[in-house]
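Here are the chains, one letter per residue:
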Amino acid sequence: GKTILITGVASGIGARTAELALAFGADVIGVDRNVPAAPLQSFIKADISSPESIAELVSRLPQRIDALANVAGVSGTLGDAKTIAINFYGLRALSEAVAPHIREGGAVVNVASVAGYGWRANLERAKGLVGVQGFPDPDQIVKEFAIAEGEGYPISKEALLLWTQRAAHQALFRDRGIRVNAVSPGPVTTPILNEFRKVFGDARVDSDITRVGRAGSAPDIAPAILFLASDGARWINGANLPVDGGLEASINADVL
Ligand code: NAI
């Protein structure tokens, strides 16, 4: 059988991804800073933005896993610095620490967001953020890159989308045939959506939902994550898969 490490399993998209992977017969190792309400056969409590917590998590992993799904993330309500520390630097540090446990030909799947599509328009800033190695002081990052209040979430996802493409060609992953891809959900009805309403305002969230007729649900997103984690996606690398009911296309159609 296959073994998949999934972060963010205590809620929303991560919980559904774990449930679906189990239904497909995989072994799931779940990670979250909160304990899931429905117990998992294997769960490790960890904060992915803490180097100590990552080290402890990695020390408890089996020798070999097949894939890592980076689903855990925060909305921005914790502030811009903390958001970037979790959604980008923590996620990247975890992936790099877990990489030696991922079998040859395995996969990493990063859950980004439509909110990160500014990576190309803001390429220099995204390159700057990705260029800082390890666990930088997030308050320093906010200062250095002049991140305005409320921009932490989109910027964290911009950095993640750029890094996904870089990581696909980073020796740590590429030399062992480990593919690195992203899934970018549009608005999905999970607890984080109400937080987005606070950070970005109801108008923005509602207009995104109206464009595509409804909000997504966690079961709309999980199959895409598991597909990219599977051998069926063996020739897909460094890609971003929007899973947004057509939101990105709708926005682009107005621009292009
Ligand atoms: P959620 O809030 O239901 O679940 C997120 C999970 O991540 C929670 O269980 C939380 O405890 C965990 N988590 C947060 N910080 C953590 C940390 N430092 N260490 C360990 N675990 C941590 O949200 P949802 O919707 O399931 O979000 C999953 C991912 O999807 C996130 O990366 C989010 O940015 C992304 N996303 C969600 C969208 C939505 O509308 N729901 C839209 C676009 C992207």
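Please read these numbers as outputs of a predicted model, since none were measured by experiment.

1. Observations regarding the overall build of the chain
Piece 1. On a plain count of helices and strands, the chain comes out with 11 helices and 7 strands.
Piece 2. Computed over C-alpha atoms, the radius of gyration of the chain comes to 17 Å, within 12% of the 18 Å expected from 2.2 N^0.38 for 256 residues, which places it in the range of a compact globule.
Piece 3. Structurally, the chain occupies a C-alpha span of about 45 × 40 × 35 Å along its principal axes.
Piece 4. Within the chain, the proportion of its 256 residues that are buried is 52%.
Piece 5. Only carbon and sulfur atoms are counted for the fraction: they give 54% of the accessible area of the chain, which is about 11,300 Å².
Piece 6. The distance from the centre of the 24 positive side-chain charges to the centre of the 27 negative ones in the chain is 4 Å.

2. Quick look at the packing of helix α1 (residues 12–23) against helix α10 (residues 218–229)
Piece 1. Contact pair α1 / α10: the axes reach a minimum separation of 8 Å and the direction vectors enclose 60°. The orientation of α1 relative to α10 falls into the category oblique. Note that α1 runs across α10; the crossing there is right-handed. Contact with α1, carried on its side by G12, I13, R16, T17, L20 and A21, involves A218, P219, I221, A222, P223, I225 and L226 of α10 and no other residues of that element.
Piece 2. Taken together, the residues of the contact of α1 with α10 sort by class into 10 nonpolar, 2 polar and 1 charged.

3. So, helix α3 (residues 80–98)
Piece 1. For α3, spanning 19 residues, the distance from its first C-alpha to its last is 26 Å, which sits close to the expected 27 Å at 1.5 Å a residue.
Piece 2. The largest bend in α3 comes to about 35°, at G90.
Piece 3. Among the 19 residues of α3, 16 are classified as buried, and the element is accordingly described as predominantly covered.

4. Points about the nonpolar core
Piece 1. Residues L5, V98, W163 and F173 are the most contacted members of the largest nonpolar core, which totals 46 residues.
Piece 2. Core analysis: the second largest hydrophobic core is formed by 29 residues, V109, I221, I225 and L228 among them.

5. With respect to the environment of T189
Piece 1. By secondary structure assignment, the location of T189 is in the loop between β6 (179–185) and α8 (191–200).
Piece 2. Given a relative accessible area of 55%, T189 falls into the exposed group.

6. Remarks on the packing of aromatic side chains
Piece 1. The final tally for this structure, using the stated rule, is 5 aromatic pairs.
Piece 2. Measuring from ring centre to ring centre gives 4.9 Å for F88 and Y89, while their planes differ by 65°; the resulting arrangement is edge-to-face. The pair F88 / Y89 is uniform in exposure class, with both members buried.
Piece 3. With a centroid separation of 6.1 Å and 75° between ring planes, the pair formed by W163 and F173 is classed as edge-to-face. Remark: F173 occurs in helix α7 (residues 171–174) and W163 occurs in helix α6 (residues 152–167); sequence separation between them is 10 residues. F173 matches W163 in its accessibility class, with the two residues each being buried.
Piece 4. Members of the aromatic cluster, each reached through a chain of ring pairs, are Y153, F196 and F200.

7. Comments concerning the sheet that holds strand β7 (residues 240–243)
Piece 1. Pairing within the open sheet is parallel, and its 7 strands lie in the order β3-β2-β1-β4-β5-β6-β7. Each of the sheet's edge strands pairs with one partner strand only, and the pair in question is β3 (43–45) and β7. Across the sheet, the mean angle separating the axes of adjacent strands is 20° when strand polarity is ignored.

8. Some details on the side chain of R92
Piece 1. Along the chain, R92 turns up in helix α3.
Piece 2. Among buried Asp, Glu, Lys and Arg side chains, R92 stands out as unpaired, with E96 the closest opposite charge at 4.5 Å.
Piece 3. Engagement of the side chain of R92 in a polar contact is seen with the backbone oxygen of G134, the distance being 3.4 Å.
Piece 4. Once you skip the residues sitting within four places of it in the chain, R92 turns out to touch V130, V132, Q133, G134 and W163.

So, how was this worked out
Residues numbered from 1 in each chain as written. Predicted model: local features only at pLDDT ≥ 70, side-chain atom pairs only at ≥ 80, totals over all residues. Heavy atoms only, no water. Helix = DSSP H or I, 4+ residues; strand = E, 2+ residues; numbered from the N terminus. Rg over C-alpha atoms; globule rule 2.2 N^0.38 Å. Buried < 20%, exposed > 50% of the residue type's maximum accessible area, 1.4 Å probe, protein only. Areas by Shrake-Rupley, 256 points an atom, 1.4 Å probe, with all protein chains shown as cover. Lys, Arg positive; Asp, Glu negative; His and termini not counted. Charge placed at Lys NZ, Arg CZ, Asp CG, Glu CD. Axes fitted to C-alpha atoms, helices over the stretch in contact; angles between N-to-C directions. Parallel < 35°, antiparallel > 145°, perpendicular 65-115°, else oblique. Left-handed = near helix turned anticlockwise from the far one by under 90°. Contact = heavy atoms within 4.5 Å. Nonpolar A, V, L, I, M, F, W, Y, C, P; charged D, E, K, R; others polar. Expected span 1.5 Å × (residues − 1). Bend = angle between axes of the 7 residues up to and from the residue. Core = buried A, V, L, I, M, F, W, Y, C linked by side-chain atoms within 4.5 Å. Phe/Tyr/Trp six-rings, centres within 6.5 Å; stacked < 30°, edge-to-face > 60°. Pairing = 2+ DSSP bridges. Salt bridge = Lys/Arg side-chain N within 4 Å of Asp/Glu carboxyl O. Polar contact = N/O pair within 3.5 Å; in protein donor to acceptor, adjacent residues only side chain to side chain.

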